[in-house]
Structures are given as structure tokens and as C-alpha cells.
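Coordinate inspection notes
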Amino acid sequence: MPIFPLPQFVTQALSENWWTYLVFGLIGFGFGYVLEISGFGNSKKLAAQFYFKDLTVLKVMFTAIVTAMVLLFLSSAVGILDFNLVYVPETYLSSGIVGGLIMGVGFIVGGFCPGTSLVSASTGKIDGIVFVLGAITGVWAFGETVDGFWQWWNTSGYFGRLTLMDAFHLPTGVVVLLVVLMALFMFWGGEKLEAIFGKKDLSKEPKLRVVGAGVLVLLALAVLVIGQPTAADKYANLTITRTVEDEKVAFTPGQLLTNRLVQVHPGELLASLADQKLNIVMIDVRSEADYNLFHIRGAQNIPLADLETVLPFLLSQPPTNTVVVLMSNDETAASDAWKVLVANSVPNVYILEGGVNNWLSIFGADEADITPTPVPPADDALAYTFPSALGDRYEAADPEPEAWELEYTPKIQLQRQRGPSGGGCG
Amino acid sequence: MTTAAPEKPRKGLFGIREKPYVHPYVGGVLLGIVLFLAFLITRNGLGASGGLNRLVASVEDIIVPGHIDQTPYLLKLAGGLKNPLDDWSVPVIIGAFAGGAIAGLLNGRSKFEVNKGPHISNRTRLVMAFVGGVFFAYGARMARGCTSGQALSGGATLSAGSWALMMMIFAGAYGVAYFVRKMWN
């Protein structure tokens, strides 16, 4: 099982370990220090980027991106890092594009971005200090005005945790290599531009940079050759911690299934749906035909074969209170779906115990339209017949929580106390 | 025989002589390593505007607490008993400020001055810096992250949205650069 990211940053709240703040402080220190020694505290140097005279911004930024990227995916390839736990900014295409353009205008007019302005201010540059004051005003202004376009901001062009690999259907190693080659091409072109517009003498540039470029390409090739761990690899090495009688016990996924620790009684699902604090995501993995005949209100139909397409959305749900409940007619397909999601590090995944058939045997018992099939059905087939495909317009699709008193052993436990973005990305 | 008088070395606070910046590729590799370590250890990347946002929310929480509880956006940060400062982004920006300050001092670049193009007054530069700050931060909050949280961190993790946004930052800046060229050249 990958040891990174450290579990204290994944399963626990930061306040449970004081030193986690110190780690972030040190990371910030390194961030600020490197920005300063790279010249990012100086607005003139930053602005020169946009007149092709001094492409320091482009060089530092893209060198940092490709260095971090190659190291990240190499760590994931050799199995020390679980990349699905790494925070990947969610894709909100519309607000990203508009916000990006506004940022660009702010960059050239103000001469900084927020990170560099902090560094500039910390070295006494008055324009940096004033930019920070402007940024504080801008942040405040956004908080006050976002209500006016809340819907657009939260839904337009939303794709969840979408990576370039997902978007272009390319293997990770290929994307990593292409990004490295693109960056090297930009550096080559950038140096040419500097020679023309900035009258820079390229012969004085250190020859070592060519060696560095070679190392980057080799590392990217290593990522490509080793490949990323498959879901099956991850599933085989996975353990999930649950609290049993106040003790934390590590289980393999197989043990969780056979000990029936993740099969949620219909009564618990009904109670959880009514719980305001929980964000219940119900995924119905049956065929569309079965789903159209009857489904629990609020359940989304995603057949087993398409499950991986919704991973970007599931991985970007707030992990501290999101519970995914999978269901099929019995449990077979739902259990297969459970394995897929668990292998992909989706937290808090459960199965509806006995599936939709069990749900109907309880909540549909009094509904005259819902009758058991005359012959016993095959495994994971629907055991009830319906006069028409009414979907969720049966009473059993949306029972009143107060009307039912059912006995069950609660199974749902929240695995994580901390979301990666903490409600508002940096 | 006369020699040109050597250029007077620039000095920062405490009379430390100003040293040159590191080579951009060296700075980039170092920044990449910091970014990688951040992801490896903590699962989070780097950020700046998010931390500023939380500072603002914490001040608002003190001055106008009722207002926070009526604004959905601020509610997420500071609603009810939530402490807006209890977040990873806050120690990161405090650390960044300290890191910049130490680097500036050690390299003789810390001094009170205004950096600007040769043809504008200090006043113009400062007004533009303020306006630029407002724009940048507004855009950063709209895009859910700035050059650090989105372009750097999202770039390295190959987030599709972050790459689109990064192109837009450059597009926005290059698009307007011509019209403000007098400011910088």
C-alpha cells in the first residue's frame, strides 16, 4: 500500500496533529524562498515576460511544473504515492476560462500574481504591498458578488477531477512525455525570443541546461515504461481501517465484503438519506430497463461498464461527508462495482444489502402494483414485476423515513476527516 | 589610462550587497521539488489566493459575523463555529511571506522601493498595482485558484481545467500587454 500522502493528512483533521501546520509552514517557506531567489519579487522582471524580453516567468513556471509532474508520476509508478488521493483541482471550464482571462489582465496591469506579490511585499517593495492590498479587496469583492452568478459558477463546464489523461484518453506516461517535450520546445523558442527582443547572448547560457533537459526526458520515459499501477494492483494491496468496538482495525477489501461490513441495510440507507449532514450518492448499476421499471428516488443509473467514467466526479465529492451507496437487483453487480470504486480510492463506498429486491420486499410490500415474479428469478435479476415503467414514481421509491421503524446494525463509518481542498482551492 | 568607474553596488537592508537571481531553470527545478514534496507529503499543492481569502473571511467573521452566515460562499469558510484560519492554505502563505523575507534579506534585495517602468510616476505604478491586485484576486477566486493553486499545482497534476486556465492567464496578459506597454517599457 502506498505510504504517501501521509495518512495524517488524509484520514485526520489537521487540528489532530499540530505538526501538520508546521509542515505546511515549511512548504510555504520553501515556496516563498524559491520565488524570491528566482526574481519573482520584482514586478519589472515579471512584466518583462509579456514583452518577450525576459522569459523568466515561463521558464521557472514550466520547469517547476514538469519537474514536479515527473517526480509525482514516477512516485505513483513505483507505488509509493496514491495519485488518486492527490488533490487535482477540479475542472470548472467556464469559470476557469473567464477567471483566467481576468487574472491575466490583473497580472500585466498589476505586475504580480498573489504568490509573487506576497514575496515582493515581504522584501519591502511598495508596489508589492499595494498589490496585496488590492488582492485582499478583490477577494472580498468576489465573496460579496458571487451570489449573483452562483449557479453558473458551480455548474457551468463542471467535469470534476478531470485530468488530461481522462480528457484525451491517453495513458499517463504518454501525457507526461508530451508535456515534457512541449515544455522543452517552449524553452527553446523562449530563448530565441529573448535573443531577439531582449538582446540576450545565448552563448553565455550554461551548457548544463541541455543535460537537465535530457534527464527530464529520461525520467518521463521511465514513467512511460513502468506505467501506472492498475486498479487491480491497487485493490490487491489495499487495506481499509474501520472502528470495531472502539478499536481501529485494518481490513482487506475482501474481508470487508465477506464479513459484511459494507452492506448497508435498507433502513440505514433510508435514515442516512434523511440525514442533512450526509451527502449520499446512490448509484444504481443495473440495466437501463430495470432502472426505468423502478429505482430509488435520487439514485443515478450508471451501468457497471460505465462506472469508471464517473470517477472524476466521485473523487471530487467532499470526502468528509459523502457516502456512496451502490445497488443492483441483488448484490453481485453492486459488489463488482464496489471493488472498482474502492480500488480507485473513492472513500466511504457501501452496497445496498440485498439490493433493490430487498428494498422492495420491505418498502414495496404494501403496494398493490408491485408483485413478486411467479418463478424465482436468476441471481441479480429483478424479483418483482411492475405494470409500467414508472421509475421513481412508486411510493416505495421514496418512503417516509418517519413511517418506518426498522432494526439494523449500522455499517456506515466516515473514513476521512479532511478534504483536500478545504473548501476553496489556493 | 582611465577606467570606467565601477557601478556602485546596490545594497539592501543591513547593507548586504545585492546578489544576482539564480538561473531560471535552477529556480524552476527547486520550485518543482517544493511542489512535489507538498503533494507527496500532504496531498495538497501550493496556494496563495486561498489563504488570503481565509484571512479576509476571518476579519469579516470578527467585524460582521451575521453577514458570514447569510452568504453561502463565506459560510463554507467561516460559517457557524468554523475557524476560517484552520486550513492548510493559511500556514502556506505565512511561510511564503517568511521565506521571501529571509531570501530577500540574505541576498541584499530587501529594501523599501517601488519597482516600475522608467516612464511612469510612483503614484501611477501604485494605483495600477492596486487595480491589478483587485482584478487578479477576483479572477483567482472565480477560477478557484491562482497561478499557484491552479497553474502550478493543477499543471503538475495534469488537471484539464488548470491547463485551460493557465493558457487563459497568458492569453489575458499578452492580450492587454500592448495597451499598457508604456507602464513597463
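Residues numbered from 1 in each chain as written. Chains lettered and ligands numbered in written order. Predicted model: local features only at pLDDT ≥ 70, side-chain atom pairs only at ≥ 80, totals over all residues. Heavy atoms only, no water.

**Side note on the overall build of chain A**
To keep things clear, this is the line we draw: Secondary structure elements follow DSSP: runs of H or I of four or more residues count as helices, runs of E of two or more count as strands, with numbering from the N terminus. Buried means the residue's accessible area, taken with a 1.4 Å probe over protein chains only, is under 20% of the maximum for its type, while exposed means over 50%, and partly exposed covers the values in between. Calculation of accessible area relied on Shrake-Rupley with a 1.4 Å probe; when residues are assessed, cover is drawn exclusively from the protein chains displayed. For the purpose of charge, His is not counted, nor are the chain termini; Lys and Arg are scored as positive and Asp and Glu as negative. Charge positions come from single atoms, namely NZ of Lys, CZ of Arg, CG of Asp or CD of Glu.
Counting its secondary structure elements, chain A contains 17 helices and eleven strands. Looking at chain A residue by residue over its 426 residues, the buried ones come to 54%. Put simply, chain A shows about 17900 Å² of open surface, and 62% of that area lies on carbon and sulfur atoms. One way to put it: in chain A the 24 positive side-chain charges average out to a point 20 Å from where the 40 negative ones average out.

**Quick look at empty space enclosed by the protein**
Empty space among the atoms becomes apparent when a probe as large as a water molecule is rolled across them. Note the following rule: Two kinds of site are reported from a 1 Å grid over the protein atoms alone, namely cavities, where a 1.4 Å probe fits but cannot get out, and pockets, open sets with protein on both sides within 12 Å along at least five of seven lines, and residues are called lining when an atom falls within 4 Å of a point. Grid points are joined across faces, edges and corners, and a volume is the space filled by probe spheres set on the points. Charged means Asp, Glu, Lys or Arg here, nonpolar means Ala, Val, Leu, Ile, Met, Phe, Trp, Tyr, Cys or Pro, and polar covers whatever is left, Gly included.
A complete count under the given rule lists five cavities of 30 Å³ or more for this structure. A volume near 120 Å³ is recorded for the largest cavity. Breaking the lining of the largest cavity down by element, the ones donating at least two residues are helix H1 (19–37) and helix H3 (56–77) of chain A together with helix H7 (147–156) of chain B. The dominant element in the lining of the largest cavity, judged by the number of residues it contributes, is H7(B), at three residues. Class assignment for the residues of the lining of the largest cavity results in ten nonpolar, three polar and no charged. By volume, the second largest cavity is sized at about 80 Å³. Lining the second largest cavity are Ile240(A), Arg242(A), Leu256(A), Val262(A), Trp338(A), Val342(A), Asn348(A), Val349(A), Tyr350(A) and Gln415(A). For the lining of the second largest cavity, the secondary-structure elements that each account for two or more residues are strand S3 (240–244), helix H16 (332–343) and strand S9 (349–352) of chain A. The class makeup of the residues in the lining of the second largest cavity is seven nonpolar, two polar and one charged.

**A few points about the packing of aromatic side chains**
Each aromatic ring pair is described using two quantities: the centre-to-centre distance and the angle formed by the ring planes. Put simply, the rule reads: Think of it this way: a Phe, Tyr or Trp ring, Trp meaning its six-membered ring, pairs with another when their centres are within 6.5 Å, and the plane angle makes it stacked under 30 degrees, edge-to-face over 60, tilted otherwise. Our definition puts a charge over a ring when NZ of Lys or CZ of Arg is within 6 Å of the ring centre and also within 35 degrees of the ring normal.
Inspection of every chain in the model, using the stated rule, returns 31 aromatic pairs over all chains. Ring plane angle 85° and centroid distance 5.6 Å describe the contact between Tyr178(B) and Phe179(B), whose orientation is recorded as edge-to-face. Just as Tyr178(B) is exposed, Phe179(B) falls in that class too. Following the ring pairs from residue to residue traces out a cluster consisting of Phe50(A), Phe52(A), Phe62(A), Phe107(A), Phe112(A), Phe131(A), Phe197(A), Phe136(B), Trp163(B), Phe170(B) and Tyr174(B). Here the basic side chain of Arg161(A) rests over the ring of Phe83(A), its NZ or CZ set 5.0 Å away from the ring centre. Of note, Arg144(B) hangs over the ring of Trp153(A), and the distance from its end group to the ring centre comes to 3.8 Å.

**Brief notes about the pairing of S9(A)**
Residues and elements named next belong to chain A. Heads up, the rule is: For two strands to count as paired, DSSP must find a minimum of two bridges between them. Seen with the strands pointing away from the viewer, any crossover whose path from the first strand over the helix to the second strand runs clockwise is right-handed.
A two-sided burial pattern is seen for S9, the buried positions comprising Val-349 and Ile-351 on one face and Tyr-350 and Leu-352 on the other. Direction of pairing for strand S8 (residues 322–327) relative to S9: parallel, over a ladder of three bridges. Each bridged residue has a counterpart across the sheet, and for Leu-326 the counterpart in S9 is Ile-351. Once you follow S8 into H16 and on to S9, the crossover reads as right-handed.

**Looking at the confidence of the model for chain B**
Close inspection of predicted coordinates is inappropriate in any region flagged by low pLDDT. Short version of the rule: Confidence of the predictor at the level of single residues is captured by pLDDT, which takes values from 0 to 100.
Per-residue confidence for chain B gives a mean pLDDT of 89; residues scoring 70 or more make up 95%. For this predicted complex, the interface confidence comes out at an ipTM of 0.93, alongside a pTM of 0.92.

**Quick word on the interface of chain B and chain A**
Inclusion rule: Two residues form a contact once any of their heavy atoms are found within 4.5 Å. Once two parts are brought into contact, the accessible area they lose, counted with a 1.4 Å probe and summed over both, makes up the buried area. Definition used for salt bridges: Asp or Glu carboxyl oxygen within 4 Å of a side-chain nitrogen of Lys or Arg.
Facing 118 residues of chain B, the contacting portion of chain A comprises 137 residues. Both faces considered, chain B and chain A share a buried interface measuring about 11300 Å² in area, 73% of it formed by carbon and sulfur atoms. Among the residues chain B hides against chain A, the three largest losses belong to Tyr25(B), Arg43(B) and Arg144(B). Together they make up 9% of the total. Connecting chain B to chain A are three salt bridges. Of the charged contacts, one joins Asp127(A) and Arg125(B) as a salt bridge, the two residues approaching to 2.9 Å between their closest N and O atoms. For the side of chain B that touches chain A, the elements supplying multiple residues, two or more each, are helix H1 (24–42), helix H2 (49–63), helix H4 (72–78), helix H5 (89–106), helix H6 (122–142), H7, helix H8 (160–177) and helix H9 (181–184) of chain B. A breakdown of the residues in the side of chain B that touches chain A according to their chemical character gives 70 nonpolar, 35 polar and 13 charged.

**A few points about the packing of H1(A) against helix H5 (residues 114–122) of chain A**
Residue and element names in this part refer to chain A. Using the following cut-off: The angle between two axes is taken between their N-to-C directions and runs from 0 to 180 degrees, where each axis is a line fitted to C-alpha atoms and a helix contributes only its stretch in contact. Note on terminology: angles under 35 degrees are roughly parallel, angles over 145 are roughly antiparallel, angles of 65 to 115 are roughly perpendicular, and the others are oblique.
Close contact between H1 and H5 brings their axes to 9 Å; oriented N to C, the two are set at 80°. Here H5 runs roughly perpendicular to H1, going by the angle between their axes. Across the interface between the two elements, Gly-32, Leu-35 and Glu-36 from H1 touch Gly-115, Thr-116 and Val-119 from H5. Residue composition of the contact of H1 with H5, by class: two nonpolar, three polar and one charged.

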